[in-house]
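# Coordinate inspection notes
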Amino acid sequence: MMYSKIIGTGSYLPEKILTNSDLESIVDTSDSWIRSRTGIEQRHIAAESEMASDLAVNACHKAMESADIGADEIDLIIVATTTPDMIFPSTACILQNKLGIQGCPAFDVQAVCSGFIYALATADMFIRAGRCRTALVVGTEIYSRILDWNDRSTCVLFGDGAGAVLITKCDQPGILSSHLHANGSHYTTLALPGSISRGKIKGNPFITMDGNTVFKFAVKVMEEIVHEALAENNLQISDISWLIPHQANIRIIQSTAKKLGISMDKVVTTIAKHGNTSAASIPLALDIAVRDERIRPDQYVLLEGVGGGFTWGAVLIRW
Ligand code: UT7
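Bear in mind that the values here come from a model prediction, so they are computed numbers and not experimental data.

Moving on: helix H8 (residues 250-260). Listed in full, the buried residues belonging to H8 are Ile250, Ile252, Ile253, Thr256, Ala257 and Leu260. Seen end-on, H8 carries its buried residues on one side only, within an arc spanning 160 degrees. Of the surrounding elements, those touching the buried residues of H8 are helix H2 (31-38), helix H7 (211-232), strand E13 (240-245), helix H9 (271-274) and strand E14 (300-307). You can read the cap of H8 off the contacts: a side-chain oxygen lies 2.8 Å from the backbone nitrogen of Arg251, and it is on Asn249. Trailing H8 by a residue or two, Gly261 shows a phi angle of about 75 degrees, which is positive.

Here it is as C-alpha cells:
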C-alpha cells in the first residue's frame, strides 16, 4: 500500500496586528463583546502590497526548510483560498512561479474554511494513486479585503495569514483517512455573493453571514465528522492526542470538545491571536503545535474544518 505523510510545516502572519481595541474606533463594538462571544483578541492584517500568494510563499519556504526539501522535489501544488490574487490564473500557478518551480500541476481548491482539509485530502489521493511524490498543500487568505468594515457582525471575526505543509509518499501512514462533505442547500447562509460582470461588480462584494445558523451547523458537523473518522480507523476519542479544529469561534471549539468528551488541553487553539483565517487556520494551528513540540511522533492528530457551502471534513493523521 502507498500512503502519504506530512514531512514539513510552515506558516506566515502579516506584520500588522489589529486589536479589538483598535476595532472599537472603527465600528460600534467592544473588546469585551468580541472576547466573550468569539475568543478573539487580535488578528493580523496584510499590507496593501501583499497578495495571498505572497503570504503563501513565506509559509511554503518555512515548510520546505523544515522538511529539508528543495523546490525541484515538489511535483504538485494545491492552494486552498477564498481570496485569490485574481480571478484567474489560480493562486497556485502564481505561487509556483514565485517558488521558482515549473511543470508540476498547480491548482486552487475552493471550499472556504474547509479548503485546507479538501486540499490535503486531494493531495493525499494524488500520492496514494501514484500520480505524484511530494506535494505542497497551502491555505492562504486575505479576508481583510472582503470584509465590510462597517458591518460589526462580520468584520471583527476574520484575519489574514497562511499555512503550508509538505507531504510525501511513504510505505506507512501518515494520513490514515480523509472525510469530505458538502451541503449546497446552505449556499446563501455564508457567502460573498458578488461577481464580476461586464467590467463591473454585480451584487454585494462583502461577506454576508447568518452567524447563528453557521454556529449551530458547525457544532453539529464538527462532532459528527470526528466520530466518522474514528469509526473508519477503529479508534476511540481517547486515542486522539491532538484535535486541530478550524478556528472560527472559541465557543464552537469548546462545544465540540465538550460533546466529544475531549479535554480542551488536547485541542490546539489559535483563535485568540489569529481570528478566523478561513482556509489558513488549520495549517497555521498545526504549524504552531508542531514547532512548540506539542505534536510528537506516533501521536494521532485529527484536523477538522467547516465552512461556506456548507462544506466540512476531517483528516486523521498518525504523526
Ligand atoms: O468559518 C466559519 C465562519 N463563521 C462562523 O463560524 C461564525 C459562526 N457564528 C458565530 O461565531 C456567532 O454567531 C457570532 C460571533 C457571529 C455572533 O455571536 P452570537 O452570540 O450568535 O451573537 P448574535 O448574532 O446573536 O448577536 C447578539 C447581539 C446582537 O444585539 P441584540 O440584537 O441582542 O441587541 C448583535 O447586534 O450582539 C450584537 N453584536 C455585536 N455587538 C458588539 C453583533 N456583533 C457585534 C459586535 N460587537 N461585533
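Now that the structure has been shown, the text picks up again.
Further remarks concern the side chain of Ser177. Mapping Ser177 onto the fold places it in strand E8 (residues 175-182). For Ser177, a relative accessible area of 4% corresponds to the buried category.

On the surface, Ile87, Phe88, Ile196 and Ile201 cluster together into a nonpolar patch covering about 520 Å² of accessible area. Secondary-structure assignment places Ile201 in strand E11 (residues 200-202). By relative accessible area, which is 58% here, Ile201 ends up exposed.

Here the focus is the domain arrangement of the chain. What the domain assignment reports for the chain is domain 1 (3-171) and domain 2 (176-318). Distance between the C-alpha centres of domain 1 and domain 2: 14 Å. In total, about 3,600 Å² of surface goes out of reach between domain 1 and domain 2, with carbon and sulfur atoms giving 64% of it. Summed over the three residues of domain 1 that lose the most area to domain 2, namely Cys113, Ile117 and Tyr118, the buried surface amounts to 18% of that side. Here domain 1 is connected to domain 2 by 1 salt bridge. Residue Lys273 pairs with Glu41 through a salt bridge whose shortest N-O separation is 2.8 Å. Counting across the interface, domain 1 meets domain 2 through 22 residue pairs in polar contact (both at pLDDT 80 or more). Of all the secondary-structure elements, those providing two or more residues to the side of domain 1 that touches domain 2 are strand E1 (3-12), H2, strand E3 (42-45), helix H3 (52-67), helix H5 (115-128), strand E6 (134-142), helix H6 (152-155) and strand E7 (160-170).

This brings us to the packing of H3 against helix H4 (residues 91-98). Between H3 and H4, the least distance of the axes is 9 Å, while the angle of their chain directions is 50 degrees. With respect to each other, H3 and H4 are oriented oblique. For the element pair H3 and H4, the recorded crossing hand is right-handed. In this structure, H3 contributes Ala52, Ser53, Asp54, Ala56, Val57 and Cys60 to the contact, and H4 contributes Thr91, Ile94, Leu95 and Lys98. Per-class residue counts for the contact of H3 with H4 are 6 nonpolar, 2 polar and 2 charged.

So, about the packing of aromatic side chains. Under the counting rule described, the total for this entry stands at 4 aromatic pairs. Residues Tyr143 and Phe158 carry aromatic rings whose centres are separated by 5.0 Å and whose planes lie at 25 degrees to one another, so their mutual orientation is stacked. With Tyr143 in the loop between E6 and H6 and Phe158 in the loop between H6 and E7, this pair connects stretches of sequence that are 15 residues apart. Accessibility classification places Tyr143 together with Phe158 in one group, the buried group. Directly above the ring of Trp242 sits Arg294, whose terminal nitrogen or CZ lies 5.8 Å from the centroid.

Thresholds applied
- Residues numbered from 1 in each chain as written.
- Predicted model: local features only at pLDDT ≥ 70, side-chain atom pairs only at ≥ 80, totals over all residues.
- Heavy atoms only, no water.
- Buried < 20%, exposed > 50% of the residue type's maximum accessible area, 1.4 Å probe, protein only.
- Helix = DSSP H or I, 4+ residues; strand = E, 2+ residues; numbered from the N terminus.
- Arc of directions from axis to C-beta.
- Contact = heavy atoms within 4.5 Å.
- Polar contact = N/O pair within 3.5 Å; in protein donor to acceptor, adjacent residues only side chain to side chain.
- Patch = residues over 30% accessible without salt bridge, like charges linked within 9 Å, V, L, I, M, F, W, Y side chains within 5 Å.
- Areas by Shrake-Rupley, 256 points an atom, 1.4 Å probe, with all protein chains shown as cover.
- Salt bridge = Lys/Arg side-chain N within 4 Å of Asp/Glu carboxyl O.
- Domains from an automatic or database assignment.
- Buried area = accessible area lost by both parts, 1.4 Å probe.
- Axes fitted to C-alpha atoms, helices over the stretch in contact; angles between N-to-C directions.
- Parallel < 35°, antiparallel > 145°, perpendicular 65-115°, else oblique.
- Left-handed = near helix turned anticlockwise from the far one by under 90°.
- Nonpolar A, V, L, I, M, F, W, Y, C, P; charged D, E, K, R; others polar.
- Phe/Tyr/Trp six-rings, centres within 6.5 Å; stacked < 30°, edge-to-face > 60°.
- Lys NZ or Arg CZ within 6 Å of the ring centre and 35° of its normal.

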